[in-house]
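Structural features, examined
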Amino acid sequence: DRGSVQNTPKSYDVEYLMPVSIGTPSQQLNLDLDTGSSDLWVFSTLLKESMVNGQTLYDPNASTTADKMEGYTWKITYGDQSYSSGDVYIDTVTIGDLTVSTQAVEAAKEVSEEFTADSDNDGLVGLGFGIINTAKPYKQKTFFEKAMPGLDSPVFTADLKAGAPGRYNFGYIDDGAYSGNITYVPVNSTDGFWRWVSPGFQVGSTGSFNSTRIHGIADTGTTLLLLPDGVCEAFYSQIASAEYEPSQGGYTFECDDSTIPDFYFGTGNGQMIRIPGSYLSYSKTDTGSSRCFGGMQSDSGVGFTIWGDIALKAAFVVFDQGNEQLGWAEK
Ligand SMILES: NCc1ccc(-c2ccco2)nc1
């Protein structure tokens with residue numbers, strides 16, 4: 001079996017949403033595929049109206065295939081301090097023509113104001129490893145873990161694009177979606193993340209390669225690229241107007257600064273992925289400001305590097321759960 005679904009970026013590529021069908025008759029919600037977490041949760045009719053602001057609500061009572069898991073609850077808090085919690089149902093879930101008939105669907109009873117404010121986002125599909133699913137008394141499998149045994153190949157792929165729709169594929173690798181070779185690196189899933197080690201980085205096409213192992217996670221649900229301080233300093237030292245502005249929460253530079261270099265990260269076997277300098281200017285710091293917030297910021301608040309959308313949209317990425325490895329290719 002296999003599946004394929006389009007993903008669509010919101011403005012500034014802050015997040016990527018995909019249509020997901022839940023229940024019978026099917027209810028279509030737009031969800032954020034997040035390889036940095038492992039709960040599939042949705043805005044639901046269980047929410048207080050004050051927590052809803054335009055989102056599409058999953059109504060388990062309108063689904064003839066929904067079964068409430070009595071006594072089960074879930075609660076999740078993300079790195080950006082947003083959170084959600086609620087009850088657990090089992091229902092049928094289809095993503096890109098791939099159906100899991102008994103998927104744990106976590107129906108929100110509470111969401112933080114950041115989620116309420118994001119009216120396009122109806123919830124998340126966590127495709128990390130099930131060990132960090134938050135459902136109690138027993139954790140639930142991810143959509144991919146439920147689908148995997150029936151797939152042609154135990155992989156899903158992420159093709160995120162800058163300012164344009166891309167694609168998530170399940171169960172196969174589209175050889176037309178990337179250029180050159182796919183370099184595979186081992187994944188350590190102990191903490192439930194797609195955690196891997198990059199051999200190093202290079203700033204600019206003429207810069208030298210810095211052989212320094214960077215431990216981090218591939219996370220489709222994080223917007224920016226969060227790297228060790230030393231790497232950020234090496235990068236921003238090449239941008240004339242760059243400054244670290246605590247009041248803005250990170251590195252900024254003049255939006256019209258033409259010296260933004262490309263950033264390359266090693267994936268192994270001598271391969272590097274090139275992130276164009278244009279991806280590394282994120283957005284104006286304030287309306288009317290001449291300064292822009294960098295797409296690369298420090299990971300010091302996190303404790304490990306996060307290869308978020310800024311990096312992932314420069315690559316074709318294979319999440320190979322069957323062999324616990326990540327595949328990286330240019331495109
Ligand atoms: N890294 C997971 C994740 C995804 C989306 C969000 C989010 C969307 C709106 C408010 O917060 N938060 C965390």
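Everything here concerns the structure above.
With respect to the sheet that holds strand β20 (residues 271-275)
- Read across the sheet, four strands follow the order β14-β13-β19-β20 without closing on themselves; strand pairing throughout is antiparallel. Looking at the sheet topology across the chains shown, the edges are occupied by β14 (209-210) and β20.
- Looking at chain direction, strand β19 (residues 263-268) and β20 are connected through five bridges and run antiparallel. When the bridges of β20 are listed, F265 appears paired with I273.
- Against the sheet, helix α3 (residues 229-236) touches β13 (201-203) and β19, its axis set at about 25° to β13.

Quick notes on the side chain of T223
- Within the secondary structure layout, T223 lies in the loop between β15 (214-218) and β16 (225-227).
- Classification of T223 by relative accessible area gives buried; the value is 17%.
- Within the local environment of T223, its side chain forms a polar contact with the backbone oxygen of V14, the two atoms lying 2.6 Å apart.

What to know about the packing of aromatic side chains
- Applying the stated criterion across every chain, the model contains 26 aromatic pairs.
- With 5.9 Å between their ring centres and 65° between their planes, Y78 and F115 make a pair best called edge-to-face. One end of the pair, Y78, is in the loop between β5 (67-77) and β6 (83-95); the other, F115, is in helix α1 (residues 113-117), with 37 residues separating them in the sequence.
- On the basis of relative accessible area, Y78 is assigned to the buried category, the value being 12%.
- Ring centres 6.1 Å apart and planes at 90° place the aromatic pair F235 and F263 in the edge-to-face group. Residue F235 is located in helix α3, and its partner F263 is located in strand β19; the two are separated by 28 residues in the primary sequence.
- Judged by its relative accessible area of 0%, F263 is buried.
- Here a set of aromatic residues connected by ring pairs shows up, and it is made of F129, F143, F144, F156, F170, W194 and F319.
- In this structure, K313 packs its charged tip against the face of Y279, placed 5.5 Å from the ring centre.

Section: the pairing of strand β7 (residues 98-111)
- Two strands pair when backbone bridges link them, and strand β4 (residues 40-42) and β7 are joined in this way by two bridges, in the parallel orientation. What sits directly across from V42, in β7, is A107.
- Inspection of the sheet shows β6 paired to β7 by 11 bridges, in the antiparallel sense. Across the sheet, residue V93 finds its bridge partner in β7, namely V100.
- Where β6 folds back onto β7 in an antiparallel hairpin, the turn is made up of two residues, including G96, whose phi is positive at roughly 55°.

Remarks on the site of the ligand
- Close to the ligand lie E15, D32, D34, Y78, D80, S82, E114, F115, D118, N121, L124 and G221.
- The contact in question runs from a nitrogen atom of the ligand to an N or O atom on the side chain of S82, over 3.1 Å.
- Between G221 and the ligand, the recorded distance is 2.8 Å, taken from a backbone N or O atom to a nitrogen atom.
- Computed on the free molecule, the ligand has an accessible area of 340 Å², of which 86% lies beneath the protein chains in the complex.
- Looking at the shell around the ligand, the elements that each hand over two or more residues are β3 (27-34) and α1.
- Taken together, the residues that form the shell around the ligand break down as three nonpolar, three polar and six charged.

Things to note about the layout of surface pockets
- Of the volumes computed, that of the largest pocket is approximately 1100 Å³.
- Lining the largest pocket are 42 residues, and of these G79, D80, G221, T222 and T223 sit closest to its centre.
- Elements with a minimum of two residues in the lining of the largest pocket: β3, β5, α1 and β23 (296-298).
- Considering only residue class, the lining of the largest pocket consists of 17 nonpolar, 15 polar and 10 charged.

So, how was this worked out
- Residues numbered from 1 in each chain as written.
- Predicted model: local features only at pLDDT ≥ 70, side-chain atom pairs only at ≥ 80, totals over all residues.
- Heavy atoms only, no water.
- Pairing = 2+ DSSP bridges.
- Helix = DSSP H or I, 4+ residues; strand = E, 2+ residues; numbered from the N terminus.
- Contact = heavy atoms within 4.5 Å.
- Axes fitted to C-alpha atoms, helices over the stretch in contact; angles between N-to-C directions.
- Buried < 20%, exposed > 50% of the residue type's maximum accessible area, 1.4 Å probe, protein only.
- Polar contact = N/O pair within 3.5 Å; in protein donor to acceptor, adjacent residues only side chain to side chain.
- Phe/Tyr/Trp six-rings, centres within 6.5 Å; stacked < 30°, edge-to-face > 60°.
- Lys NZ or Arg CZ within 6 Å of the ring centre and 35° of its normal.
- Near = heavy atom within 4 Å.
- Areas by Shrake-Rupley, 256 points an atom, 1.4 Å probe, with all protein chains shown as cover.
- Nonpolar A, V, L, I, M, F, W, Y, C, P; charged D, E, K, R; others polar.
- 1 Å grid on protein atoms, 1.4 Å probe; cavity = no way out; pocket = protein on both sides within 12 Å on 5 of 7 lines; lining within 4 Å.
- Points joined across faces, edges and corners; volume = space filled by probe spheres on them.

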